[in-house]
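Next come the chains, spelled out residue by residue.
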Protein chains: 2
Amino acid sequence: MRRLYHQPFDPLSRKIRLLLAEKKLECTCVVEPVWERRETFLALNPAGEVPVLVEPEGRPIWDDVAICEYLEEVYPLVNLLGTNADQRAEVRRLIAWFDKKFAAEVSKNLVGEKISKRFIAGATPNSSAIRAGKQNVHYHLDYIGYLTEQRNWLAGTELSLADITAAAHISCVDYLGDIPWKDHPGAHDWYARFKSRPCMRDILQDSVSGVQAARHYADLDF
Amino acid sequence: MRRLYHQPFDPLSRKIRLLLAEKKLECTCVVEPVWERRETFLALNPAGEVPVLVEPEGRPIWDDVAICEYLEEVYPLVNLLGTNADQRAEVRRLIAWFDKKFAAEVSKNLVGEKISKRFIAGATPNSSAIRAGKQNVHYHLDYIGYLTEQRNWLAGTELSLADITAAAHISCVDYLGDIPWKDHPGAHDWYARFKSRPCMRDILQDSVSGVQAARHYADLDF
């Protein structure tokens, strides 16, 4: 059986879980406490980070980019990168937008401070980072609204890894109740469509001890 | 003519310059002062970051991952990603190693503190970050030595984007004289082979005002 080593509130791991589900590829998901630096995990990935995908009788694959490209190459039936080089460039641009820009400006400041830091002994949330994250998120939700005014999904007519990547980040922040949906109807409509997809079912059941999910987190009608 | 918007000491930009040169693709390189947030550049890439590649009559492509994958798809004659999905996963794993791990542990601490900060008004180098970078680099040079004991190039028999990515980072740090070559003969031999490739010629002529290049920086016999 295929195995994915992951962290439930790591957006890069969520991206892979969503991608596997969209491609209807079965997988055993193993939560890896990366901060313990377990020797058996370091033998799989000397970088010590998740997500790591292990195919039956295959070599472990890290990082998220390598896993996505691998799954697209080996299981192309459900295509999530686009059908020509220009389309794929646009999908990958938006993946970078969320995995680099949204990650640094929003996810790190909110999910990093409020969830990830719980697993680091002695670490306390930085309130000015949290404030910055709450402010920055507006700009990104506006950008989603702007894109979906012109396109059916973020990168074009078809659902793509751009939507999956955006939803991976936004769903983590939404667990915390930090997405101001009322101010961003365009982004809300896009997320409502994505949230109702079967690939989101597992994600919407995630929880972390000590941090309660926002009331609407798993609600399809939010 | 193809144009690349870049920063000379940004390892992600150097990676693209090296890739273009290995593929023998001509390109006009334009240094973009990203900190000025020029409107015409933001129109090309709303994320405001380099590298951005603009093909003749093509849409601008950002980020480095999107550019690399695009160039591999559209100009496959010189293959730098590998010939099957497993090989490509290994190449991409090592790209991530250098662009994420080496970048965070070494490049950011040394190139970021000593060069990039010169362009930010009022910023001063953080000496403890510099100390950490100088310490961390040993582990990565050991890893290069370990890999090249078993393989001709970092990811296997053939030169790949893994070597290009590693050299992009290491050449920036080497400009500063912060690569302890004498302690790492395996990494030294690998870099000596890479450094003598024609793709490195431009890179070895880069300079930044106020920071002198290490004496051996452009020397092929170092």
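Since the structure is predicted, the reported quantities are computational estimates derived from the model, not experimental observations. (Residues numbered from 1 in each chain as written. Chains lettered and ligands numbered in written order. Predicted model: local features only at pLDDT ≥ 70, side-chain atom pairs only at ≥ 80, totals over all residues. Heavy atoms only, no water.)

## A word on the sheet that holds strand E2 (residues 28-31) of chain A
Residues and elements named next belong to chain A.
Piece 1. If you trace the 3 strands from one edge of the open sheet to the other, you get E2-E1-E3, paired in mixed fashion. Whereas interior strands pair on both sides, the edge strands pair on one side only; in this sheet they are E2 and strand E3 (52-54). Neighbour to neighbour, the strand axes of the sheet diverge by 20° on average, direction disregarded.
Piece 2. With 4 bridges connecting them, strand E1 (residues 3-6) and E2 associate as parallel partners. By the bridge assignment, Arg3 is partnered in E2 with Thr28.
Piece 3. Contacts between helix H1 (residues 11-22) and the sheet are confined to E1, E2 and E3, with E1 contributing the most and set at about 155° to the helix. (Pairing = 2+ DSSP bridges. Helix = DSSP H or I, 4+ residues; strand = E, 2+ residues; numbered from the N terminus. Axes fitted to C-alpha atoms, helices over the stretch in contact; angles between N-to-C directions. Contact = heavy atoms within 4.5 Å.)

## Things to note about the sheet that holds strand E1 (residues 3-6) of chain B
Residue and element names in this part refer to chain B.
Piece 1. Strand order in the open sheet formed by 4 strands is E2-E1-E3-E4, with mixed pairing between adjacent strands. The sheet terminates laterally at strand E2 (28-31) and strand E4 (60-61), the two strands that pair on one side only.
Piece 2. Here strand E3 (residues 52-54) pairs with E4 via 2 bridges, running antiparallel. The residue bridging Val54 from the neighbouring strand is Pro60, located in E4.

## Structural notes on the interface of chain A and chain B
Piece 1. If you look at the interface, chain A gives 28 residues, while chain B gives 28 residues.
Piece 2. Of the charged contacts, one joins A:Lys100 and B:Asp64 as a salt bridge, the two residues approaching to 2.7 Å between their closest N and O atoms.
Piece 3. One can count 10 residue pairs in polar contact (both at pLDDT 80 or more) joining chain A with chain B.
Piece 4. With 11 residues, helix H4 (residues 85-114) of chain A is the single largest residue contributor to the side of chain A that touches chain B.
Piece 5. Class assignment for the residues of the side of chain A that touches chain B results in 15 nonpolar, no polar and 13 charged. (Salt bridge = Lys/Arg side-chain N within 4 Å of Asp/Glu carboxyl O. Polar contact = N/O pair within 3.5 Å; in protein donor to acceptor, adjacent residues only side chain to side chain. Nonpolar A, V, L, I, M, F, W, Y, C, P; charged D, E, K, R; others polar.)

## Details of the domain arrangement of chain A
Residue and element names in this part refer to chain A.
Piece 1. Taken domain by domain, chain A holds domain 1 (3-74) and domain 2 (85-205).
Piece 2. Opposite the 14 residues of domain 1 that make contact, domain 2 presents 22 residues.
Piece 3. Taken over both partners, the interface formed by domain 1 and domain 2 buries close to 1700 Å², and the fraction arising from carbon and sulfur atoms is 72%.
Piece 4. A salt bridge links Glu22 to Arg197; the shortest N-O distance between them is 2.7 Å.
Piece 5. Remark: the boundary between domain 1 and domain 2 carries 4 residue pairs in polar contact (both at pLDDT 80 or more).
Piece 6. Elements represented by at least two residues in the side of domain 1 that touches domain 2 include exactly H1 and helix H3 (64-74).
Piece 7. Residue contributions to the side of domain 1 that touches domain 2 peak at 9 residues, all from H1.
Piece 8. Of the residues in the side of domain 1 that touches domain 2, the class split is 8 nonpolar, no polar and 6 charged. (Domains from an automatic or database assignment. Buried area = accessible area lost by both parts, 1.4 Å probe.)

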